[in-house]
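Take a look at the letters that make up each chain.
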Amino acid sequence: MDKAPCLERRGKPRVKITFPLILRGISETGERFEEPGSLDNISATGLYVWSKKPFQCGDEVFLTIQLSNIETKEGPKTNYLATLGNVVRVDYSAINHYG
């Protein structure tokens, strides 16, 4: 299957902030995957993540971002942000991570 070309699409200011996340999707072979990663920055129209799994432009991914852990009277509570998105840019880092 042909993937969409990678284009620079940033139109909104980015906020540099790091949170752990889980990426979920379906691989090119049709198998489901779940991969840990980390949020690098976010804007009103997109976000940038790091992962050890390489993705291609056009891949659809579901992200669950762990925003915080807080202690309450009832015990620990974790807040999450979940979103569905498409890969529009792919970078490779020297430490075998992909962004």
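See the structure above.
Report follows, based on the coordinates. (Residues numbered from 1 in each chain as written. Predicted model: local features only at pLDDT ≥ 70, side-chain atom pairs only at ≥ 80, totals over all residues. Heavy atoms only, no water.)

**Some remarks on the pattern of salt bridges**
Reasoning step 1: In the structure shown here, the tally under the stated rule is three salt bridges.
Reasoning step 2: The closest approach of N and O atoms between Asp40 and Lys16, which form a salt bridge, is 2.7 Å. You can see Asp40 sitting in strand β2 (residues 32-42) and its partner Lys16 sitting in strand β1 (residues 15-26), a full 24 residues away along the chain.
Reasoning step 3: The class for Lys16 is exposed, based on a relative accessible area of 62%.
Reasoning step 4: For the salt bridge of Arg89 with Asp91, the shortest nitrogen-to-oxygen distance reads 3.0 Å.
Reasoning step 5: Residue Arg89 is classed as partly exposed on the basis of its relative accessible area of 29%.
Reasoning step 6: For Asp91, a relative accessible area of 22% translates into the label partly exposed. (Salt bridge = Lys/Arg side-chain N within 4 Å of Asp/Glu carboxyl O. Helix = DSSP H or I, 4+ residues; strand = E, 2+ residues; numbered from the N terminus. Buried < 20%, exposed > 50% of the residue type's maximum accessible area, 1.4 Å probe, protein only.)

**Some points on the pairing of strand β3 (residues 47-51)**
Reasoning step 1: The sheet contact formed by β2 and β3 spans five bridges and is antiparallel. For Ser38, the partnering residue across the bridge sits in β3 and is Trp50.
Reasoning step 2: Adjacent in sequence and paired antiparallel, β2 and β3 are bridged by four residues. (Pairing = 2+ DSSP bridges.)

**Focus on the packing of aromatic side chains**
Reasoning step 1: Evaluated as defined, the whole model comprises two aromatic pairs.
Reasoning step 2: When the ring of Phe33 is compared with that of Phe55, the centres are 5.7 Å apart and the planes differ by 55 degrees; the resulting orientation is tilted. One end of the pair, Phe33, is in strand β2; the other, Phe55, is in the loop between β3 and β4 (60-72), and 22 residues separate them in sequence.
Reasoning step 3: A residue is classified by how much of its surface remains accessible, and Phe33, at 16% relative accessible area, is buried.
Reasoning step 4: The class for Phe55 is buried, based on a relative accessible area of 15%.
Reasoning step 5: Geometrically, the ring pair formed by Tyr48 and Trp50 is edge-to-face, given 5.5 Å between the ring centres and 85 degrees between the ring planes.
Reasoning step 6: The exposure class of Trp50 is partly exposed, given its relative accessible area of 24%.
Reasoning step 7: Stacked on the ring of Phe33, the Lys or Arg Lys53 has its end atom at 4.6 Å from the ring centre.
Reasoning step 8: Directly above the aromatic system of Phe55 lies the positively charged group of Lys53, at a separation of 5.6 Å from the ring centroid. (Phe/Tyr/Trp six-rings, centres within 6.5 Å; stacked < 30°, edge-to-face > 60°. Lys NZ or Arg CZ within 6 Å of the ring centre and 35° of its normal.)

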